[in-house]
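# Structural features, examined
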Amino acid sequence: MNVETSPSQEELFQTQIEVLKKHLAADPRSLRNVFVADGTQAIAWEFQQPEIGERFTGVLWNLLLRGDDMSTVLQRFLWGLPLKYKRKFIRALDTHLSGRYPMFKGLSENWPAGSYIPPYIRPPEERSHDFDLVNQGYLGYRSLGYSLREVDLFVWLEVLRDKQCEDRPCELGVLVHGKKDRLGGCPVKIHIPEMLDLIGNGKIRQALELIESCNPLPSVTGRVCPQEHQCQGVCAHTGRPIEIGQLEWYLPEHEKLANPDPMARYKGIVSPWVRAEKPPIAVVGSGPSGLINAYLLAVEGFPVTVFEAFHELGGVLRYGIPEFRLPNSLIDDVVAKIDALGGRFVRNFVVGKSATLDDLKAAGFWKIFIGSGAGLPTFMNVPGEHLNGVMSANEFLTRVNLMRGLNPSFETPLPEVEGKNVLVIGGGNTAMDAARTAKRLGGNVTIVYRRTKSEMPARIEELHHALEEGIGLAELRGPREFVGDAHTHFVTHALVDVNELGAADASGRRRPVSTGKTEELAADLVIMALGNTSNPIIAASEPGLKTSKWGTIEVGEGSQQTSISGVYTGGDAARGGSTAIRAAGDGQAAAREIVGDIPFTPTEVREMVEKAAKYTDLGQARQSIVKHSTLAAGIAELTVRAPVVAHAAKAGQFVRVLASADGELIPLTLADWDADAGTIDLVIQGMGTSTRLMNQMAVGDAFAGIAGPLGRPSDVKPCGADETVVFAAGGVGLPAIYPIAKAHLHLGNHVTMIIGFRSADHLFWTGDDERMGQLKAKFGDQLDLIYCSNDGTFGIKGFVTAPLAEMLEAGSVSKGRKIAEVISVGPPMMMRAVSDLTKPYGVPTVVSLNSIMVDATGMCGACMVPVLHDGKPERRHACIDGPEFDAHTVEWEKFMPRFTQFKAQEARSLHRHGLD
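Quick caveat: nothing in here was measured; it's all calculated off a predicted structure. (Residues numbered from 1 in each chain as written. Predicted model: local features only at pLDDT ≥ 70, side-chain atom pairs only at ≥ 80, totals over all residues. Heavy atoms only, no water.)

## Some thoughts on the overall build of the protein chain
Within the protein chain one finds 33 helices and 30 strands. Its C-alpha atoms give the protein chain a radius of gyration of 32 Å, within 12% of the compact-globule value 29 Å for 916 residues. For the protein chain, the residues scored as buried account for 58% of the 916 residues in total. The long-range fraction of contacts in the protein chain, counting pairs at least 24 apart against all pairs at least 6 apart in sequence, stands at 70%. Working note: accessible area of the protein chain is about 36,900 Å², and carbon and sulfur atoms make up 50% of it. Within the protein chain, the 108 negative side-chain charges are centred at a point lying 3 Å from the centre of the 93 positive side-chain charges. (Helix = DSSP H or I, 4+ residues; strand = E, 2+ residues; numbered from the N terminus. Rg over C-alpha atoms; globule rule 2.2 N^0.38 Å. Buried < 20%, exposed > 50% of the residue type's maximum accessible area, 1.4 Å probe, protein only. Contact = heavy atoms within 4.5 Å. Areas by Shrake-Rupley, 256 points an atom, 1.4 Å probe, with all protein chains shown as cover. Lys, Arg positive; Asp, Glu negative; His and termini not counted. Charge placed at Lys NZ, Arg CZ, Asp CG, Glu CD.)

Take a look at the structure:
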């Protein structure tokens, strides 16, 4: 850039600027040529001066602000300048415009390696009381009065720091000597240098199109990806990496603001289901791996159905990440794109329970991707974990995020938090999310971590934000016991070991070692954020699916394919606890494998598409009430259309029911079902708000979601000819034991049913033309029926334990038949009484414990059942390991109080609805 300098050239520059402005007003499209012809030499002259002048800086910036062709030409000119001239430009902004733009103050110091314009982060004193987005990125500056074009330039200035490194470490990672894998890089292989180059040249739309060609979730991954360990972790600017994550999610958010109809580009797309040119694909789970897999396959023209276990889409992105970190609207944006491409969604569908992988293949799906997530939360197995007020972070966050318990109009209860002492155990991102959520709910929150702050696996930003918001940190502390109130059974404090750091462990971090000292920390609520183990539902239903010793699904070397041909997996299902961006990378990799040669004729493809479309329709069927009967006071029987559940149901299983979008998830035992009619029968006793409102529903009303069948089926096995299986059921326990008793009868076992009611006014199903009468008529002497009532108005006076006690005292026989086992379902007190009664006699006894759940698929850990196994206490889960348990192994004194931990919240809800 060799330009002569003379006094007349400054005047020439001013004249040329005026010429440029006149051309801009007259003919903007000709501006590129005008700029090249008339402006370049004068601007080059200005940049040759020791410092860029104030007037020139102001004119140049104002021209950049116009956001037109001239602005683009200027951006490209400045983007292409050598670094020394870029530094001069940044110094001019710092010197002349920092009064107008405070974020420019000091920008030129150590630029570009160590100085940048930071994204806008809301002040801690403001954000710690609400759930609005904390890190608002560069667009957050609009809340301070800056225009969208000004924000565009802030982003452009950040990109101006980029070196355009030839070895592309941000995208590809860096090679580490002696190691097979690269360090850092982008798991979804975003072409980061090209993205930065496009932004640098003012091509924001093209940059978005580039990134979305491989990642449809940039507004999601840009927020939650640990960039400090991935792209930014290996950035050549080691002191202050380029804000790649912020730029990533800026692009789609800018598009929504700049384009009034961002979905317009999807209009006119013919659905792959209509084209029927490629065979259908089933995607299990709508978390990050499932969403990116579904999107990329839909783009390639495959008919895709996403099967999601919850009533809302997004998986861990929705239930696990609070909205102050990831707004739900961004998940909805991704879903909308997949929908626009023809993708379909089936909610409340639990693969492994509602259908097996073989069922999906039989339904016409060619290949399957499993992105079902990690699953079961981890606990420490220390004394006191059974106490009320001790819960997993999964449960706590699910209640707040997915079930929106913080909103008074939603029914899911939250633990008491405001003004309470809250301990969050763990040091990862989930611990930060739980702690910051509890803080926003008014808790006095302390994070308890067994190592020091520097060893925490949480993102640096999340930990920094948590501490800024006034959350305490107890380092080198590890709980050894939780202690509770003997009367309320709620936790009151934790006893923690005081640790010190010893030698490094396999993770490279120094191992915590107890010093022998202990401390006491006050606690009204303890949230366990210790990671997850693998959910066994899918693996348990597929014997051919190989899993690791940790329960994760195994894949081939350099592949996402499982041990079952045509079945792929990724994310936490294969990795265990990992990150959203790695899950997205797995989903992307699996999509590349799935796209390949199609071994079917066009006719065969059309038949598969038609078949899979029908199955998808069946899964999406409106779960409406076809019959409503009042059985007794407060008890109703509903027959509901639920064809998928009815087809898969087995005796002893239950369903997870959501009456309305603002309701609470309720586990209900399947009383009966008709696979041919596609209906299930539910008997509901109106106890709390949700069940009472369900009983008020009428024929034609539809549930917001019924998922199932869930839990393990009853273990129905043949008994001896001289034996009987005794059932003891109280009240609404009758519908629970009815299908199990039927299964035993059909197997040829003799059955004795002891059924108790409060009084004759509460009878149901007992008439000759009703279920029990019909069962007796069908099986005759193979079935003995014994009725009891508390007040003696029907059958034997007393509880169901009275006839059972007589049988046990008579030698554990009933009418000469030896009792093979006792199966008891009903109120918890009754089941415990049956257990206590049979234990001294050594009679095998089974109880069904499905009444304390949230998600009912093992993810939340709420349905903990403390049991003794070989004399040692273990934590089991009713939805995964049950609902049936050996009654004699249940630690009833620990289990029973859990039914009352939300009693106060439920009472308030009843009052709010006028139902008390």
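Don't stop here, the text continues.
## A word on the environment of Gln 136
Within the secondary structure, Gln 136 sits in the loop between helix H6 (124–127) and helix H7 (148–159). Judged by its relative accessible area of 21%, Gln 136 is partly exposed. Taking the C-alpha atoms as reference points, Gln 136 and Arg 122, separated by 14 residues in sequence, lie 7.3 Å from one another. Leaving out residues up to four positions away in the same chain, Gln 136 has contacts with Tyr 120, Arg 122, Ser 143 and Trp 249.

## Looking at the side chain of Ser 219
Along the polypeptide, Ser 219 turns up in helix H11 (residues 218–224). Look past the residues within four positions of Ser 219 in its chain and what remains in contact with it is Trp 249, Pro 252, Glu 253, Leu 326 and Leu 330.

## Some words on empty space enclosed by the protein
For the structure on display, the rule yields four cavities of 30 Å³ or more. Roughly 120 Å³ of volume is contained in the largest cavity. What lines the largest cavity is a set of 14 residues, and nearest its centre among them are Asp 162, Cys 165, Cys 170, Cys 235 and Ala 236. Elements represented by at least two residues in the lining of the largest cavity include exactly helix H8 (169–172) and helix H9 (192–200). Along the lines of polarity and charge, the residues of the lining of the largest cavity split into nine nonpolar, two polar and three charged. The computed volume of the second largest cavity comes to approximately 80 Å³. Lining the second largest cavity are 13 residues, with Cys 186, Ile 190, Ile 192, Cys 231 and Glu 248 sitting closest to its centre. Mapped by element, the contributors of at least two residues to the lining of the second largest cavity are H9 and helix H12 (244–258). (1 Å grid on protein atoms, 1.4 Å probe; cavity = no way out; pocket = protein on both sides within 12 Å on 5 of 7 lines; lining within 4 Å. Points joined across faces, edges and corners; volume = space filled by probe spheres on them. Nonpolar A, V, L, I, M, F, W, Y, C, P; charged D, E, K, R; others polar.)

## Some thoughts on the packing of helix H14 (residues 288–299) against helix H16 (residues 328–340)
Where H14 meets H16, the axes come as close as 9 Å, and the angle between the chain directions of the two elements is 30°. With respect to each other, H14 and H16 are oriented roughly parallel. H16 is crossed by H14, and the crossing has left-handed handedness. Residues Leu 291, Ala 294 and Tyr 295 of H14 pack against Val 334, Val 335, Lys 337 and Ile 338 of H16. Residues belonging to the contact of H14 with H16 are distributed by class as follows: six nonpolar, no polar and one charged. (Axes fitted to C-alpha atoms, helices over the stretch in contact; angles between N-to-C directions. Parallel < 35°, antiparallel > 145°, perpendicular 65-115°, else oblique. Left-handed = near helix turned anticlockwise from the far one by under 90°.)

## What to know about the confidence of the model for the protein chain
Taken as a whole, the protein chain shows an average pLDDT of 91; of its residues, 95% reach a score of 70 or greater. Ignoring residues within four places in sequence, the model shows residues 1–7, a span with pLDDT below 50, making 14 contacts including any to other chains. (pLDDT = per-residue confidence, 0-100.)

## A closer look at the pairing of strand E29 (residues 872–877)
Across six bridges, the pairing between strand E28 (residues 864–869) and E29 is antiparallel. Bridge assignment links His 869 to a residue of E29, and that residue is Lys 872. (Pairing = 2+ DSSP bridges.)

## Things to note about the environment of Leu 148
Inspection of the secondary structure assignment puts Leu 148 in helix H7. Sequence separation of Leu 148 and Ala 474 is 326 residues, and the distance between their C-alpha atoms is 42 Å. Not counting the four nearest positions on each side in its chain, Leu 148 is found in contact with Leu 139, Arg 142, Tyr 250, His 254, Leu 257 and Ala 258.

## Overview of the packing of aromatic side chains
What the rule picks out here adds up to 27 aromatic pairs. Residues Tyr 101 and Phe 154 carry aromatic rings whose centres are separated by 5.7 Å and whose planes lie at 85° to one another, so their mutual orientation is edge-to-face. In this pair, Tyr 101 sits in the loop between helix H5 (83–97) and H6 while Phe 154 sits in helix H7, placing the two residues 53 residues apart along the sequence. You'll find Tyr 101 and Phe 154 in the same group, each marked buried. Through a chain of ring-to-ring contacts, the aromatic side chains of Trp 61, Tyr 101, Phe 104, Tyr 120, Tyr 141, Tyr 146 and Phe 154 assemble into a single cluster. A cation over a ring is seen here: Arg 875 above Phe 379, with NZ or CZ 3.4 Å from the ring centre. (Phe/Tyr/Trp six-rings, centres within 6.5 Å; stacked < 30°, edge-to-face > 60°. Lys NZ or Arg CZ within 6 Å of the ring centre and 35° of its normal.)

## Let's talk about the side chain of Asn 401
Its place among the elements puts Asn 401 in helix H18 (residues 393–402). A distance of 3.1 Å separates a polar atom in the side chain of Asn 401 from the backbone oxygen of Tyr 319. Those residues in contact with Asn 401 that lie beyond four places of it in its chain are Arg 318, Tyr 319, Gly 320, Ile 321 and Pro 322. (Polar contact = N/O pair within 3.5 Å; in protein donor to acceptor, adjacent residues only side chain to side chain.)

## Digging into the sheet that holds strand E6 (residues 421–425)
The five strands lie next to each other as E5-E12-E6-E7-E8, forming an open sheet whose pairing is parallel. The sheet is open, and its two edges are formed by strand E5 (390–392) and strand E8 (472–474), each paired on a single side. For this sheet the average axis-to-axis angle between neighbouring strands, irrespective of direction, equals 25°. Two strands pair when backbone bridges link them, and E6 and strand E12 (residues 525–528) are joined in this way by four bridges, in the parallel orientation. Following the sheet pairing, Ile 425 is matched in E12 by Met 528. Across the sheet, H18 is in contact with E5 and E12; its angle to E5 comes to roughly 80°.

## Looking at the pattern of salt bridges
What the rule picks out here adds up to 43 salt bridges. Measuring nitrogen to oxygen at the nearest pair gives 2.7 Å for the salt bridge that ties Arg 127 to Glu 469. Note that Arg 127 is positioned in helix H6 and Glu 469 in the loop between helix H20 (460–468) and E8, a separation of 342 residues in sequence. Glu 469 sits in the buried class, given a relative accessible area of 4%. With a closest N to O distance of 2.7 Å, Glu 158 and Arg 161 form a salt bridge. One continuous salt-bridge network, built from bridges that share partners, spans Arg 127, Arg 325, Asp 433, Arg 436, Arg 440, Glu 462, Glu 468 and Glu 469. (Salt bridge = Lys/Arg side-chain N within 4 Å of Asp/Glu carboxyl O.)

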